Amino acid sequence: MPHPRWIPDARFLVGVAIAVPWLAALLVATYRRRTRIISFLAALISVVACALLLEIAPPGESLYHALMLLFSCLTLGATLVLPRRDCGPAIISGILFILGSTLLAYSADNLLILLAAWILSAIPFFLPRWCQADTWRPRAALLVSAIALGLAIALIAASSNAISIENLKGRSPGGNAAFGLLVTAVVFRKGILPAHAWVADAAEGGPTIPTALLFNGHFGALLVAKLIVPLFATTTVKLFPILSYLALATALYIAIRALTENSPRRLLAFLALSQSASILAGLESQTAEGITGALVHWFVVTVSTVGLFGILRLLEVRFGENLTASKHLGLAEHAPRLAVSFAVFGLALVGLPGTLSFCSQDLLIHGTLASHPLTGLLLPIATAMNAVSVFRLFTRLFLGKRRTGFTAVMDALPRERWVLAVGMLFVVLGGLFPNVIVAQRSAEADTLLGAIHTRTSSVPVSSKSRPPILQWLYAHPGKKPAFKSAELDASKMP
Amino acid sequence: MSLSEAVLVFVVLAPGVVFGVFALLWLLGWTPGERVVSRITGGTFSACTLGVSGLFWKLAFGGEPRVVVTFGNWFAVHDYRFPLVLMVDHLSLPFLAMTVLLSGLIGQFSATYLHRERGFFRFFVLLHLFAFGSLLAFAAGSFDLLAGGWEIVGITSVLLIGFFQLRSAPVENGLRVFAVYRACDIGLLVGVFAMHHWAGTALFSSGFPMLRGGHAVIVCLLLLLAASGKAAQVPFSGWLPRAMEGPTPSSAIFYGAISIHAGAYLLLRVHPMLAQSALASALVILIGAATAIHGTIVGRASADAKTSLAYASLTQVGVMFVEIGIGWTNVAIAHVLGHAMVRTMQFLRAPSMLHDDHQMHSAIGDEVTPAGWQLEDLLPERVQLWLYRWAFDRGHLDTILDRWVVHPLLEVSRHLANLDRIGSPRVASRSRQVAISLPDPVSQGGD
């Protein structure tokens, strides 16, 4: 697609998208007034810049631009939905800071910039006024992940004398040690088993909506898609399944864990974690369906979980912060539109037909089952359990006997209602017409898949090494392979 | 697109469009009045019934075995495609007709029955969504699309069980039903995947995806799991009496007519593959027979009208499974249609049953003699007593599921929660406080 003259250069747009939120964060921290307006305008400028970036992105390479647009839109929505009591300078500047850092990470083409973004995005969690989590785990996990990434990048830079991601593709710089450190960074940042507990702690102790935004930067998945798969194509084929098994185990473990959780914040954090763990499994599946499903799921999980956390915060503001899923609270009587929005986002998170996640789950399940027939079964089981947990939370919060003692409690305010409506439209229209999103992500999946297949001369997993029962399960006489040969997709090489 | 194809599309989409419009209007802040809602419902299902009549004419006298509408792929990634294909043939037509006819009747009945009820509008919105899901499942030309409709039927069913949302019991029972549905739907999802994987397609509008040997057995068993869950077959029968918490019209259409027969439809649809697998066929017969016996015994010990009717339905659906397993597919279709009509009528009369009974007594002037054979009288008294206890606890099915599945799972979950608390004292104390007041999330409530 030719670059229209009226659209500025990509580097300029990236600069605007990142610098404006950061400057606005500084302004909010010093000026300390009109915080919502300033943050709204800054996020709006970011949205426009990211939209223009997506417009000029070449086909098949628009993943990060689309993610930038999505994240800036979510932040824009968050600035509108945030209750007035959360519009203090600390939280607003933190949100804008996270926005700038996340966009920096998505747009990074250089290892040092990626490391800087990784560290910067976590900084608000180390500020006591911002995050009141009493446990040490969130800070420890973020710190360990940053140290692991820093060491990996040092190792890569020392062994290859390069820090540009483009120049390092397919060279497995730093060998298995760097690969291991990168995987460690992913495990801690994403909350993969056994480093999962910090996510719920952070959700419980941190400000709800900004914490949801931090989770939904999905830096772990970003590291996999941006660094691990392109740089370590050979190692990925051999060792990456371990991370996939861990991700699937996390999805199931957390799904079981969520069944008896009664704190709504922790429960939502578990659900988000369990559902987003499957993104890693999909990225590793080495099938076009699995990777496409993972990328689409990335979008759905992000929108749904931010929506759910947002609604929860609105409920906390209205009905108090001691909400629990241990009894029926009957809030639907007071806030029916919030109840319906919660149901739509919740069911969208777990693959209800008519929402985009039905398609992404379908692709993910096909991809993971195709690459791991036995362990892949964990994914539909985990999703089923998560659906039960979502429904349990919905019924406990919204259904049951009407609470008395509330006076003139408002349902969703117009500004909240419109933002929630846009989010619901995204998941529902995306579900009714999924090909618009799936086709784009499929092209990007081809790019990722091409990076693996063209740089590995051997068959991904030796079929002869499998036991007979697995060979029989893997047999698929009616289906052609997605990639017949490495040469087929040489043109899509990044 | 020919006229018959357009009619098929209209029949399937009309309730979905009405649902979408109603939902949108409500979100925008306008709730239509009862008269508007009932008239739109009546009009929609009348038009759909006319459409299905036209399709019947086309199939019966037009010489075509099926009408197929292909919209291309809903989404596609390389060789994997999710085709949007609607199809009506001699199997799906009776189910479509049953759905539109009974949905319309239930709509008309409910306009009076639920008059001035708080959830009047919600009921009708969900009725349209349910009809759309059912029509989509029955008119699907591929197992992928069938799974979509199947899931919509499930979620609507659960939302209507919790219709009386101010009471805890219906809501908790809805949650239990949802859990059983989701667990069994894993069979459908993995079964469809297996079809794609081994046969390369899940389309059946242009010939059935034929699998042989072990592959066919696995797919049949997975689909049998899904069908058993939806049709409340043994060992999943425990959810059916819980589902009676919903309003009577929804019980009638879901558990007397359409939802309960969706499992039979799935098995009928997959019958070409089922017939190849002796093991799967035998299992279908076994499950059906066990359910029929279970249903008839437990039904005799049920104290309320709706639960008795639910178990009577269960017995008949069990017999249908046996018929399908044997291969009497035409008998099974006829059985489904006849049973759905009679059972819907019985469910709708259930609230007036006492009144009917009094009328009958007045007319006869004496006790009404029980009809049918009471074979249990032939058993020794101790066996009768044991059987009564067994039936009273509904065959211990829920107890077994709770003891061997639900409670161990929740116990594991609590152990994992304890593991999470290591090194986090503040979280530990807070969670413990909550845990004390924790009712069992799925076993609470009754019917």
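About the thresholds
- Residues numbered from 1 in each chain as written.
- Chains lettered and ligands numbered in written order.
- Predicted model: local features only at pLDDT ≥ 70, side-chain atom pairs only at ≥ 80, totals over all residues.
- Heavy atoms only, no water.
- Helix = DSSP H or I, 4+ residues; strand = E, 2+ residues; numbered from the N terminus.
- Buried < 20%, exposed > 50% of the residue type's maximum accessible area, 1.4 Å probe, protein only.
- Contact = heavy atoms within 4.5 Å.
- Rg over C-alpha atoms; globule rule 2.2 N^0.38 Å.
- Buried area = accessible area lost by both parts, 1.4 Å probe.
- Salt bridge = Lys/Arg side-chain N within 4 Å of Asp/Glu carboxyl O.
- Axes fitted to C-alpha atoms, helices over the stretch in contact; angles between N-to-C directions.
- Parallel < 35°, antiparallel > 145°, perpendicular 65-115°, else oblique.
- Nonpolar A, V, L, I, M, F, W, Y, C, P; charged D, E, K, R; others polar.
- Expected span 1.5 Å × (residues − 1).
- Bend = angle between axes of the 7 residues up to and from the residue.
- Patch = residues over 30% accessible without salt bridge, like charges linked within 9 Å, V, L, I, M, F, W, Y side chains within 5 Å.
- Areas by Shrake-Rupley, 256 points an atom, 1.4 Å probe, with all protein chains shown as cover.
- Core = buried A, V, L, I, M, F, W, Y, C linked by side-chain atoms within 4.5 Å.
- pLDDT = per-residue confidence, 0-100.
- Pairing = 2+ DSSP bridges.
- Polar contact = N/O pair within 3.5 Å; in protein donor to acceptor, adjacent residues only side chain to side chain.

With that settled, the discussion passes to the overall build of chain A. In terms of regular secondary structure, chain A is built from 20 helices and zero strands. Burial analysis of chain A (494 residues in total) assigns 65% to the buried set. Pairs at least 24 residues apart make up 82% of the contacts formed inside chain A by residues separated by at least 6 positions.

Turning our eyes to something else, we now look at the overall build of chain B. The helix and strand inventory of chain B stands at 18 helices and two strands. A globule of 447 residues ought to have a C-alpha radius of gyration of about 22 Å, and chain B, at 23 Å, matches this closely. In terms of principal-axis extent, the alpha carbons of chain B reach across some 75 × 60 × 55 Å. Residue burial in chain B is summarised as follows: out of 447 residues, 55% are buried.

This part is about the interface of chain B and chain A. Taken residue by residue, the interface counts 65 residues in chain B and 77 residues in chain A. In total, about 6,100 Å² of surface goes out of reach between chain B and chain A, with carbon and sulfur atoms giving 66% of it. Connecting chain B to chain A are three salt bridges. Of the charged contacts in the structure, one is a salt bridge between E333 of chain A and R118 of chain B, with a shortest N-O distance of 2.5 Å.

Moving on: the packing of helix α5 (residues 143–161) of chain B against helix α6 (residues 168–199) of chain B. Residues and elements named next belong to chain B. Interhelical geometry of α5 versus α6 gives an angle of 175° and a closest axis separation of 9 Å. For the element pair α5 / α6, the angle class is roughly antiparallel. Looking at side-chain class alone, the contact of α5 with α6 contains 14 nonpolar, five polar and four charged residues.

Residues and elements named next belong to chain B. A rise of 1.5 Å per residue sets the reference length of helix α1 (residues 3–27), with its 25 residues, at 36 Å; its end C-alpha atoms lie 35 Å apart and thus fit the reference within 8%. The largest bend in α1 amounts to roughly 40° and is located at L13, with the proline P15 lying one to four residues further along. Looking only at α1, the buried set comprises S4, L8, V9, V11, V12, A14, P15, G16, V18 and F22. Elements that come into contact with the buried residues of α1 comprise α2 (34–61), β1 (66–77), β2 (80–89), α3 (92–113) and α4 (120–139). Backbone geometry just downstream of α1 places G29 in the positive-phi region, at approximately 105°.

So, on to the environment of A146 of chain A. Residue and element names in this part refer to chain A. Residue position: A146 is located in helix α6 (residues 137–160). Given a relative accessible area of 15%, A146 falls into the buried group. For the pair A146 and L115, spaced 31 residues apart in sequence, the C-alpha separation works out to 7.5 Å.

Glancing now at a nonpolar patch on the surface. Residues and elements named next belong to chain A. Taken together, L425, L429, L432, F433 and V436 make up a surface patch of nonpolar side chains, about 490 Å² in accessible area. Note on placement: L425 falls in helix α18 (residues 414–432). Judged by its relative accessible area of 47%, L425 falls in the partly exposed class.

Attention now moves to the nonpolar core. Nonpolar side chains tend to gather and get buried jointly when the protein is soluble and globular. Core analysis: the largest hydrophobic core is formed by 312 residues, its most contacted members being F398 of chain A together with L8, F143 and W239 of chain B. Element by element, the count of residues in this core is highest for helix α14 (residues 288–319) of chain A, at 18 residues. Setting aside its immediate chain neighbours within four residues, W239 of chain B contacts V177, V180, Y181, G229, K230, A232 and Y255 of chain B.

This paragraph deals with the confidence of the model for chain A. All names here are of chain A. Here chain A shows a mean pLDDT of 84. Residues at 70 or above account for 88%. Within chain A, helix α20 (residues 468–474) has the poorest average pLDDT of any element, 54, and helix α17 (residues 378–398) the best, 94. Note that pLDDT drops below 50 for residues 457–466; the model gives that stretch eight contacts with residues more than four away or on any other chain. Taken as a whole, residues 477–494 scores under 50 in pLDDT and shows 32 contacts with residues more than four places along the chain or in a different chain.

Turning to the pairing of β1 of chain B, a few remarks are in order. In the sheet, β1 of chain B pairs with β2 of chain B via nine bridges, with the strands oriented antiparallel. In the sheet register, R66 of chain B faces β2 of chain B, and the bridge partner there is D89 of chain B.

With that out of the way, let us pick up the side chain of S285 of chain A. All names here are of chain A. Mapped onto the elements, S285 comes out in the loop between α13 (264–284) and α14. A polar contact is formed between the side chain of S285 and the backbone oxygen of G282, at a distance of 2.7 Å. Engagement of the side chain of S285 in a polar contact is seen with the side chain of T287, the distance being 3.1 Å. The contacts of S285, once residues within four sequence positions are left out, are G290, I291, G367, T368 and S371.

Two faces, one strand: in a regular strand the side chains alternate between the faces of the sheet. Counting buried positions along β2 of chain B gives eight out of ten residues, so the element sits mostly inside the fold. If you look at the hairpin formed by β1 of chain B and β2 of chain B, you'll find two residues sitting between the two strands, and H78 of chain B has a positive phi there, around 55°.

A separate point is the pattern of salt bridges. All names here are of chain A. One pass over the structure, following the stated rule, counts 26 salt bridges over all chains. Taking the shortest distance from any N to any O, the salt bridge between D201 and R266 comes out at 3.1 Å. Taken as a pair, D201 in helix α9 (residues 197–205) and R266 in helix α13 lie far apart in primary sequence, 65 residues in all. The exposure classification of D201 matches that of R266, with both residues buried. The salt bridge involving E316 is made with R265; its shortest N-O contact spans 3.0 Å. Taken as a pair, E316 in helix α14 and R265 in helix α13 lie far apart in primary sequence, 51 residues in all. Summarising the burial analysis for this pair, E316 and R265 share the class buried.

Another aspect to go through is unusual backbone geometry. The step from L193 of chain A to P194 of chain A runs through a cis peptide bond, and the omega angle for that step is 5°. Here P194 of chain A shows up in the loop between α8 (175–190) and α9. Cis rather than trans, the peptide bond between V234 of chain B and P235 of chain B has omega equal to 10°. Mapped onto the elements, P235 of chain B comes out in the loop between α7 (213–230) and α8 (239–243). Phi is positive for N161 of chain A, which is not a glycine, with a value near 55°.

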